[in-house]
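Fold and geometry: a report
Okay, here's what each chain looks like letter by letter:
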Amino acid sequence: MLLPVPWVHRVPTPANRRFARACAALEEAIGGAIRHYRRAEEERDDLLSRIIAGDPASGRRPDDREVRDQVMSILAAGVETTATLLTWTFHLLARNPEAERRLWVEVDAVLAGRPASFDDLARLPYAKRVLTEVLRLYPPTWMLSRVTVADTTIAGTTLPRGADVVISPYALQRDPTVFPDPDTFDPDRWLPERVTGRQKQAFLAFGAGRRRCMGELFGMAEATIALATISGTWNLRPARPGPLRPVPRFLLVPAAQPMLPHRRHPGGEDHG
Ligand code: HEM
């Protein structure tokens, strides 16, 4: 969409060659994992085993190509998004001590030092509000795109059929008419009694409509479990003080800024 001339991608520039090499390495890694799992023929309690096992109801087992496509989708759409969300979360918590303290109170009451699991999710509502508020301020998918299928008028502007439309969740989620005091990190704006219909509609961190993220529940569960487990033991602090600078790459990531883990309960049992 950004470079709509297909042949440009085939010119052997250093960047295109790097890209082709990276694709080949990724294909090889995925193919290798699938071959390894098929050869070992052991049932493991993980996602790849489940994809390979197929649908128990119909007995249909996907072929190598379909397993590869599923793994590629999960890797491309589901790994860096969730990792980026967690990165922003720890940076924002380090800068918002009151929110961090409340998270620790919740995590300590629910987990008492053990790692979180899926069954804890319902008892970690503050952790979920923290993650939702981070997604509002720094949506990893900061740009969505659509193509109009018919002439369309939006807010007085007419777009012809076939137009590329770029939508920015980052801008919409900081609209002060929808989110008062939009630059403030306030997880409680997602309390059930405070959240408004317009707020829900303007929240596009997982997209909207029929292409909405199909991994939303999976990603939020993963991020909540990781956030609660890490926060139960560790206090993450930026290695060097400095402003948080968003960099718009394919995802919206913070400019590299290492964090150092400090044990929250010195002398406590090691759960790391
Ligand atoms: C916090 C984590 C995540 C964020 C912020 C996120 C964000 C998004 C967004 C904004 C879209 C819509 C793109 C569009 O409308 O153009 C999307 C689609 C998608 N996401 Fe996620 N995602 C996350 C986690 C995941 C995970 C964990 C998976 C898989 C395990 C996943 C799989 C997908 C897939 C397959 C689509 C395409 C759906 C379709 O086009 O029908 N995502 N995601």
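Note that the structure is a prediction, hence the values are computed from the model and not measured.

The immediate surroundings of the ligand are formed by 17 residues, with Gly-78, Arg-146, Ala-205, Arg-211 and Cys-213 found nearest. Within the side chain of Arg-211, an N or O atom sits 2.8 Å from an oxygen atom of the ligand. Of all the cavities here, the one that holds the ligand is the largest pocket. Residue assignment for the shell around the ligand shows that the elements contributing at least two residues are α3 (64-78), α4 (80-95), β1 (144-147) and α9 (216-233). It is α4 that contributes the most residues to the shell around the ligand, 3 residues altogether. Of the residues that constitute the shell around the ligand, the class distribution is 8 nonpolar, 7 polar and 2 charged.

You will see that the iron atom of the ligand has only one donor from the protein, Cys-213 (SG), lying 2.3 Å away. You can see Cys-213 is positioned in the loop between α8 (197-202) and α9.

Quick look at the layout of surface pockets now. A water-sized probe, rolled over the atoms, reveals where empty space remains. In this structure, the largest pocket encloses a volume near 1500 Å³. Together, 38 residues line the largest pocket, and Ala-76, Ala-77, Gly-78, Thr-81 and Cys-213 are the ones closest to its centre. For the lining of the largest pocket, the secondary-structure elements that each account for two or more residues are α3, α4, β1 and α9. Tallied by class, the residues present in the lining of the largest pocket amount to 22 nonpolar, 10 polar and 6 charged. Residues lining the lining of the largest pocket come from more than one domain, with at least three contributed by each of domain 1 (12-78) and domain 2 (80-141 + 170-263). Quantified by volume, the second largest pocket comes out at close to 570 Å³. Taken together, 18 residues make up the lining of the second largest pocket; nearest its centre are Lys-128, Thr-132, Phe-203, Glu-216 and Met-220. With 5 residues, the top contributor of residues to the lining of the second largest pocket is α9. Its residues assigned to classes, the lining of the second largest pocket comprises 11 nonpolar, 2 polar and 5 charged.

In a regular helix each residue adds 1.5 Å, so 15 residues correspond to 21 Å; α3 covers 20 Å between its end C-alpha atoms and thus fits that length. Among all positions in α3, only Val-67, Arg-68, Val-71 and Met-72 are buried. Looking down the long axis of α3, one finds its buried residues gathered within 135° of arc, a one-sided arrangement. Opposite its buried face, α3 presents the exposed residues Arg-65 and Ala-77, each directed more than 90 degrees away. On its buried face, α3 is in contact with α1 (14-40) and α2 (47-53).

Conventions and cut-offs
Residues numbered from 1 in each chain as written. Predicted model: local features only at pLDDT ≥ 70, side-chain atom pairs only at ≥ 80, totals over all residues. Heavy atoms only, no water. Near = heavy atom within 4 Å. Polar contact = N/O pair within 3.5 Å; in protein donor to acceptor, adjacent residues only side chain to side chain. 1 Å grid on protein atoms, 1.4 Å probe; cavity = no way out; pocket = protein on both sides within 12 Å on 5 of 7 lines; lining within 4 Å. Sits in = over half its atoms within 2 Å of the grid points. Helix = DSSP H or I, 4+ residues; strand = E, 2+ residues; numbered from the N terminus. Nonpolar A, V, L, I, M, F, W, Y, C, P; charged D, E, K, R; others polar. Donors = N, O, S within 2.8 Å, 3.2 Å for Na, K, Ca; no water. Points joined across faces, edges and corners; volume = space filled by probe spheres on them. Domains from an automatic or database assignment. Expected span 1.5 Å × (residues − 1). Buried < 20%, exposed > 50% of the residue type's maximum accessible area, 1.4 Å probe, protein only. Arc of directions from axis to C-beta. Contact = heavy atoms within 4.5 Å.

Functional significance is not addressed by these values, which are geometric in nature.
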